[in-house]
Amino acid sequence: MIKVRVPAKVNVQLGVGGLRADGFHDLANVFFAVALGDEVTAAPGEGVTLTCSGPDAAQVPLDDTNLAARAARLLAAHHGLADPGVHLHIAKAIPVAGGMAGGSADGAAALVACDALWGLDTPFENLLDLAAELGSDVPFALLGGVALGRGRGEILEALPVTGTFHWVFAVADGGLSTPAVFRECDRLREEAGTGSGDTDVPTPDAAPALLAALATGDPAALAAALTNDLQSAALSLRPSLAATLAAGTEAGAIGALVSGSGPTCAFLAKDAEAAEALATALAASGTCRTAHATYGPVPGAAIHPRATES
Ligand code: C5P
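Residues numbered from 1 in each chain as written. Predicted model: local features only at pLDDT ≥ 70, side-chain atom pairs only at ≥ 80, totals over all residues. Heavy atoms only, no water.

Which entries qualify depends on this criterion: UniProt positions are given in the numbering used here, feature names are shortened, and annotations may be inferred rather than shown by experiment.
If you look the protein up in an unreviewed UniProt entry, it shows as 4-diphosphocytidyl-2-C-methyl-D-erythritol kinase from Kitasatospora kazusensis. Recorded in UniProt for the protein, the comment headed Sequence similarities (unreviewed entry) runs: "Belongs to the GHMP kinase family. IspE subfamily." Its UniProt record gives the protein the following Catalytic activity (unreviewed entry) comment, quoted word for word: "4-CDP-2-C-methyl-D-erythritol + ATP = 4-CDP-2-C-methyl-D-erythritol 2-phosphate + ADP + H(+)".

Next up, the structure:
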């Protein structure tokens, strides 16, 4: 049995370019991996089967649309395994459809877990290519740390970072659909008269002040540099998120933004103690379902050595 831990992500910068002909948007996407994560276990089995546990397990699809199941099949096909056998179990802690790439994380974890279970020794570069086939956020879940994602987010460059940053995530009731949030972003741009195509919207780039804040480990500077071009679209679809962001700021967060396509809201705290106090205040604020204090950056999907037996 192989157990893999995999992080969730928050985007400390999500710069969204115009809509491309292939339906994706060019991004300048600064991914940041946090300790709040899922565990995916791979055990020998017949065919590819999947179970899930955790408070939100009922919202996780267990059919072939699940990225963990798709990852197992894709890896098997890549190696010409005609009849792959694995039972995957997801212990789910990452909010479902929450803008923290939880489904992508499970896809990345399943690639690593099945690779080990089946003794395939797939080179990391090939795992990254398979991950990009599964979804735009899957390669980062393999890499972890902090990275700039270009293209649709899958072309990664690891970024230098100093120290640990402390985060709180406020989890909403119900998810938001990522394609719907990107569509709303395009609609708002059309409405503002700026156009939404890739010839109208300049290709975004990583902000120098953000890169400097990460490299020097300065939480106040990172807080001031947080940006998310999908935030107005997420707020347009879910206006109640404005109250969540305000509650976090009132409770002492030094930075606040919607995580990815939302609806989870991310808050930066000055240290671990402040993060714990902020999570307690947010959970009691009535503006979210629950709140978690966590930290990062942390590594990408990795086998848990003590939990692995052959
Ligand atoms: O790559 P992934 O399957 O995670 O993307 C889900 C959806 O999010 C895409 O079908 C697309 O609608 C939107 N998306 C986008 N531009 C990106 C990444 C995702 O428009 N760079």
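A look at the layout of surface pockets
Threshold: Here a cavity denotes a set of grid points, spaced 1 Å apart and computed over the protein atoms alone, in which a 1.4 Å probe fits but from which it cannot get out, and a pocket denotes an open set meeting protein on both sides within 12 Å along at least five of seven lines; residues with an atom within 4 Å of a point are reported as lining. Grid points are joined across faces, edges and corners, and a volume is the space filled by probe spheres set on the points. Secondary structure elements follow DSSP: runs of H or I of four or more residues count as helices, runs of E of two or more count as strands, with numbering from the N terminus. For this classification, Asp, Glu, Lys and Arg are treated as charged, while Ala, Val, Leu, Ile, Met, Phe, Trp, Tyr, Cys and Pro are nonpolar and the rest, including Gly, are polar. How far each domain reaches was decided by an automatic or database domain assignment.
Here the largest pocket defines a volume of roughly 960 Å³. Contributing elements (two or more residues each) for the lining of the largest pocket: strand S1 (2–19), strand S2 (25–43), helix H1 (67–78), helix H2 (102–117) and helix H5 (178–191). It is H2 that contributes the most residues to the lining of the largest pocket, four residues altogether. Residue composition of the lining of the largest pocket, grouped by class: 16 nonpolar, 18 polar and six charged. Split by domain, the residues of the lining of the largest pocket number at least three in each of domain 1 (2–159) and domain 2 (165–296). The calculated volume of the second largest pocket comes to roughly 240 Å³. Lining the second largest pocket are 15 residues, with Arg5, Val6, Val298, Pro299 and Gly300 positioned closest to its centre. Put simply, the parts of the chain that give the lining of the second largest pocket at least two residues each are S1, S2 and strand S12 (302–303). It is S2 that contributes the most residues to the lining of the second largest pocket, five residues altogether. Taken together, the residues that form the lining of the second largest pocket break down as nine nonpolar, three polar and three charged.

Looking at the UniProt feature "active site" (unreviewed entry) in the protein
Spelled out, the test is: Buried residues are those whose accessible area, probed at 1.4 Å on protein chains only, stays under 20% of the maximum for their type, while exposed residues exceed 50% and partly exposed ones sit between those limits. We call two residues contacting when some pair of their heavy atoms lies within 4.5 Å.
With numbering aligned to this structure, UniProt lists the feature "active site" (unreviewed entry) at Lys9 and Asp137. In terms of the greatest pairwise C-alpha distance, the residues named above, spread along 129 residues, form a tight cluster of at most 9.0 Å across. The subset of these annotated residues that lines the largest pocket comprises Lys9 and Asp137. By relative accessible area, which is 7% here, lysine 9 ends up buried. Not counting the four nearest positions on each side in its chain, lysine 9 is found in contact with Phe31, Phe32, Gly99, Met100, Ala101, Asp137, Phe140, Ser259 and Gly260.

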